[in-house]
Every structure is written in C-alpha cells, then in structure tokens.
Amino acid sequence: NRERIMQSERLNVVSELAASVSHEMRNPLTVTSGFLQLLNLSKTLTPEEKGYIELSLLELNRAEKIISDYLSFAKPQSENRVYSNLQAECEYTKNVIMPYATIHKVAVEFSFSNTLCTHYDRNQMQQCLINLYKNAIEAMQGRDDGVLSIEITESKPNIVITIRDTGIGMTKEEISRLGKPYYSTKEEGTGLGMLMVYNAINKVKGRIEVRSEKGKGTTFKIIIPT
Ligand code: ADP
Ligand code: MG
C-alpha cells in the first residue's frame, strides 16, 4: 500500500513537471516556427534548403501536437480547484470541439442533467474531456454519418459522464492498451491523450469503463464519486 502511495506521488510529480516543461516550450516553438516560415519565403533558397525548412516545420508541428494533447488547458502552478457540478466544463469543451466535429462531418448530441458537485481541477477536467471528444471524432473519420453523444447525469453518489461514438471501435486487446504512454494506432498520433485522461480521472478518484465493438463504436463511461 505504501508503495502504491509512493508510486502515485511519483506520478503526480512527473505529470506536474511535464505540464511545466510543455508550457515553457510553447513560446520557443511558436517563435522558431514563425522565423522558419519567414525564411521559407526567401527567393534565394535552393530546393534542398527549402526541404530542410519544411521538414523542420513538420517536426515543430509534431512537437506542438504532443504538447496540446497533454496540456492545451493545463496551466501549471496555477491550481484551479473548484467545487462544482462540471456543467461549465462540459459546455465549454463541447463548444471548443464543435469546429473539429464539423470538419469531420460528425454530429454532436449533448445533454446535461446533474446537480451533484465534487472537487476537481477545472483545467484538467477540460483537457480530459477534450481528449475523449477528439478521440471519438477521430474514430469516425471518413464516414459522414458519425454521431458523438455526450451525456452527463448522476447516479447518486456518482457523477456519470458518458461519451459515445459510432466509430471504428476497439478489440479487447486494444482496450487493454488504452492509457499506455505512446500507444497510438494513428499515423500522426501522440499516444498521450488517454494517458492524460487516466491521470485526470485518477486524481478525482473516479474510474473509466470502456465498452466497444469493432466497426460499431465505443462508449466511455466516466464515473466520478462526490
Ligand atoms: P492518439 O489519439 O494520439 O492516438 P490517445 O492516447 O488519445 O492517442 O489514444 C490512443 C489510442 O486509443 C488511439 O490511437 C486509438 O487507437 C484508441 N482509441 C482511443 N479512443 C478511441 C475511440 N473512441 N474509438 C476507437 N479507438 C480509440
Ligand atoms: Mg487522442
């Protein structure tokens, strides 16, 4: 038990450190990428030099992606704890992913009915929800009848968030690998989204149930005690 506690403290330190580092990396990445884009406009570049610049921009873009999966919302050091019912976070994050859903031709259904409150970190819950919504939308890529359904209810004494998609689905084996660092089946995936989700739900002492059928879709049920 003592080892478990130490392990979870270690994880906390690691994830806080990751958050600070990523946060600090954002500015240099943006500046570098901006200057490379300027350089790329130069008329005197050889095709080879242009190739180097474009490769660098792609790599910077990838670094940016890793950071945004891990903490587009997390602001390290500024703990943002609230005692609330998640409504503000659910609505805010739904609005944030609407454009992403629209370009992927995914319809979004949303319903909220919950009065229970609990303690949580606002930024972390937002990041967690966004990662789950993004995965759901990406699982429905390439079809134009995808539906992402988000439902927040309560089942006393728990708050229950259900996120359902009609996408590619997962096998049992694939489900068991969710949350392992760098596990991704996507060409440009980071494999960090679900790691962040599991970390965030652990922190509120919640649990995640996954139900999925290959070719039919996936349901994530997040159960958070109050
Ligand atoms: P990434 O999205 O960068 O691949 P994640 O950690 O967010 O990394 O997800 C890891 C993997 O879990 C994905 O590559 C995908 O194979 C699988 N996955 C997650 N959510 C879903 C989903 N809703 N439907 C199908 N597969 C999913
Ligand atoms: Mg993801």
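Residues numbered from 1 in each chain as written. Chains lettered and ligands numbered in written order. Predicted model: local features only at pLDDT ≥ 70, side-chain atom pairs only at ≥ 80, totals over all residues.

Looking now at the overall build of the protein. In terms of regular secondary structure, the protein is built from six helices and seven strands. Going from N to C terminus, the protein has its helices and strands arranged as α-α-β-α-β-β-α-β-β-α-α-β-β. Going through the 226 residues of the protein one by one, you find that 26% of them count as buried. In the protein, once contacts between residues fewer than 6 apart in sequence are set aside, the share between residues at least 24 apart is 76%. (Helix = DSSP H or I, 4+ residues; strand = E, 2+ residues; numbered from the N terminus. Buried ≥ 20, exposed ≤ 12 C-beta atoms within 10 Å, placed from the backbone. Contact = placed C-beta atoms within 7 Å.)

Attention now moves to the confidence of the model for the protein. With 88% of its residues at a pLDDT of 70 or more, the protein has an overall mean of 88. At the level of chain-chain contacts, confidence expressed as ipTM amounts to 0.99, with global pTM at 0.80. (pLDDT = per-residue confidence, 0-100.)

Surveying the vicinity of ligand 1 reveals 22 residues, the closest of which are Asn 135, Ala 139, Ser 184, Gly 189 and Gly 193. Of all the secondary-structure elements, those providing two or more residues to the shell around ligand 1 are α4 (122-139) and α6 (193-203). It is α4 that provides the largest number of residues to the shell around ligand 1, a total of four residues. (Near = placed C-beta within 6 Å.)

Moving on: the sheet that holds strand β4 (residues 146-155). Backbone hydrogen bonds hold the strands of a sheet together, and the pairing may be parallel or antiparallel. With respect to topology, five strands assemble into an open sheet ordered β2-β4-β5-β7-β6, the strand pairing being mixed. Since the sheet does not close on itself, it has two edges, and those belong to β2 (106-112) and β6 (207-213), each with one partner. Between one strand and the next, the sheet's axes are offset by a mean angle of 10 degrees, whatever the strand orientation. Summarising the sheet, β6 and strand β7 (residues 217-225) pair through seven bridges and their orientation is antiparallel. Paired with Arg 207 across the bridge in β7 is Ile 223. Across the sheet, helix α3 (residues 87-103) lies against β2 and β4, angled at about 170 degrees from β2, the strand it touches most. (Pairing = 2+ DSSP bridges. Axes fitted to C-alpha atoms, helices over the stretch in contact; angles between N-to-C directions.)

Most often, soluble globular proteins have nonpolar side chains that are buried together. Ranked by internal contacts, the top residues of the largest apolar core, which has 31 residues, are Cys 128, Leu 129, Leu 132, Tyr 133, Ile 137, Leu 148 and Val 197. Of all elements in the fold, only α3, α4, β4, β5 (158-165), α6 and β7 reach the threshold of two or more residues within this core. No other element matches α4, which puts nine residues into this core. Setting aside its immediate chain neighbours within four residues, Leu 129 contacts Glu 89, Cys 90 and Thr 93. (Core = buried A, V, L, I, M, F, W, Y, C linked by C-beta atoms within 7 Å.)

Glancing now at α6. Among the 11 residues of α6, eight are classified as buried, and the element is accordingly described as predominantly covered. When α6 is considered as a whole, its buried residues turn out to be Gly 193, Met 194, Leu 195, Met 196, Val 197, Asn 199, Ala 200 and Ile 201. Positive phi appears at Lys 205, one or two residues downstream of α6, with a value of about 60 degrees.

Let's shift gears to the packing of α3 against α4. It is at 9 Å that the axes of α3 and α4 come closest, and there the two elements cross at 35 degrees. Crossing angle aside, the handedness with which α3 passes α4 is right-handed. Along the contact surface, α3 presents Glu 89, Cys 90, Tyr 92, Thr 93, Val 96, Ile 97, Tyr 100 and Ala 101, while α4 presents Arg 122, Met 125, Gln 126, Leu 129, Ile 130, Tyr 133, Lys 134 and Ile 137. For the contact of α3 with α4, the residue count by class is 11 nonpolar, two polar and three charged. (Left-handed = near helix turned anticlockwise from the far one by under 90°. Nonpolar A, V, L, I, M, F, W, Y, C, P; charged D, E, K, R; others polar.)

This part is about unusual backbone geometry. Across residues other than glycine, the phi torsion is negative in most instances, and most of the peptide bonds are trans. The amide bond that connects Lys 156 to the next residue, Pro 157, takes the cis arrangement and shows omega of 5 degrees. Mapped onto the secondary structure, Pro 157 falls in the loop between β4 and β5. Here Lys 205, not a glycine, exhibits a phi torsion of approximately 60 degrees, which is positive. On the secondary structure map, Lys 205 appears in the loop between α6 and β6. Classification of Lys 205 by C-beta neighbours within 10 Å gives exposed; the count is 11.

Let's shift gears to the packing of α4 against α6. Contact geometry of α4 with α6 gives a least axis separation of 9 Å together with a crossing angle of 140 degrees. When the axes of α4 and α6 are compared, the pair comes out oblique. Considering how the two elements wind past one another, α4 and α6 form a crossing that is left-handed. Residue-level contacts link Gln 124, Met 125, Gln 127, Cys 128, Asn 131, Leu 132, Lys 134 and Asn 135 of α4 to Gly 193, Met 196, Val 197, Ala 200, Ile 201 and Lys 203 of α6. (Parallel < 35°, antiparallel > 145°, perpendicular 65-115°, else oblique.)

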